[in-house]
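Here are the chains, one letter per residue:
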Amino acid sequence: LGIMYYEEYQRLSIESAKEVNVREELLRKAKRSTKFSLEIFDRYFQQTNDSSTQLEYLHTVQLLAAIYCIEKDYSHGLSFWQRAVDEAMQSTKGLQVGIHFEKLSIVLFNAAICFREGQKPLKALELLKQSKDTLNQLILEKRSKHSNELVYNKQMDDIQYLFKMVTNYLNDTEVEFNQL
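First, a word on scope: everything that follows refers to the structure included in this document. (Residues numbered from 1 in each chain as written. Predicted model: local features only at pLDDT ≥ 70, side-chain atom pairs only at ≥ 80, totals over all residues. Heavy atoms only, no water.)

**Some points on the side chain of Ser131**
Here's step 1: You can see Ser131 is positioned in helix 6 (residues 121-143).
Here's step 2: Given the relative accessible area of 0%, Ser131 is considered buried.
Here's step 3: When residues no more than four places from it in sequence are discounted, the contact partners of Ser131 are Ser105, Leu108, Phe109 and Ile159. (Helix = DSSP H or I, 4+ residues; strand = E, 2+ residues; numbered from the N terminus. Buried < 20%, exposed > 50% of the residue type's maximum accessible area, 1.4 Å probe, protein only. Contact = heavy atoms within 4.5 Å.)

**So, the packing of aromatic side chains**
Here's step 1: Inspection of the entire model under this criterion finds two aromatic pairs.
Here's step 2: Between Phe41 and Tyr57, the aromatic rings sit 5.7 Å apart at their centres with planes inclined by 70 degrees, giving edge-to-face as the arrangement. With Phe41 in helix 2 (residues 20-44) and Tyr57 in helix 3 (residues 51-70), this pair connects stretches of sequence that are 16 residues apart. Taken as a pair, Phe41 and Tyr57 share a single burial class, namely buried.
Here's step 3: On the numbers, 5.6 Å between centres and 20 degrees between planes, the contact of Tyr68 with Phe80 is stacked. (Phe/Tyr/Trp six-rings, centres within 6.5 Å; stacked < 30°, edge-to-face > 60°.)

**Details of the nonpolar core**
Here's step 1: One finds Phe80, Trp81, Val107, Phe115, Leu127, Leu128 and Leu135 to be the most contacted residues of the largest nonpolar core, which totals 39 residues.
Here's step 2: At nine residues, the largest contribution of residues to this core is made by helix 5 (residues 99-117).
Here's step 3: In this structure Leu127 touches Val85, Leu108, Ala111, Ala112 and Phe115, once residues within four positions along its chain are discounted. (Core = buried A, V, L, I, M, F, W, Y, C linked by side-chain atoms within 4.5 Å.)

**Side note on the packing of helix 2 against helix 3**
Here's step 1: In the contact formed by helix 2 and helix 3, the axes pass within 9 Å of each other and the chain directions differ by 145 degrees. The way helix 2 lies across helix 3 gives a crossing that is left-handed. Side by side, helix 2 and helix 3 meet where Leu27, Ala30, Lys31, Thr34, Lys35, Ser37, Leu38, Phe41 and Asp42 of the first sit next to Thr53, Glu56, Tyr57, Thr60, Val61, Leu63, Leu64, Ile67, Tyr68 and Ile70 of the second.
Here's step 2: When the residues that make up the contact of helix 2 with helix 3 are grouped by side-chain class, the tally is 11 nonpolar, four polar and four charged. (Axes fitted to C-alpha atoms, helices over the stretch in contact; angles between N-to-C directions. Left-handed = near helix turned anticlockwise from the far one by under 90°. Nonpolar A, V, L, I, M, F, W, Y, C, P; charged D, E, K, R; others polar.)

So, in structure tokens, the structure goes:
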């Protein structure tokens, strides 16, 4: 339910700037529903080994983190993003392949966005480096299987773009993307 409210919030954000009250109400409902879902996950599924449940839990934590960051409540948002990063890393079980490893790269990137917005540029750079390293590993793994790399290349472009934004914020032209 939380994701449905959030998706409607995003749709209205794109379509019309006039419906501010409706968007704010949708975001409040998304936050309330997502917090409730997270409470259920924490209470009943904390120690699950079920891969699907772990992914749903990770999505729920990410959604709540994103909502807090949209609201500019960075103290909560950054805390939930760190929780999402920790959860994503743990869900890989040390393996550098598979859907959990792919999600890790995405979580790291999304967390970096909020850390940048929350005035934590050094942490954002650290997360971007981890995201880039994860993505490079996925690209190598996919090349050996002759898979399409377009999605990963787009993600790498996004990482590079955010990296430039963060380094511009830091006013540090000495740092190069390849040094990450």
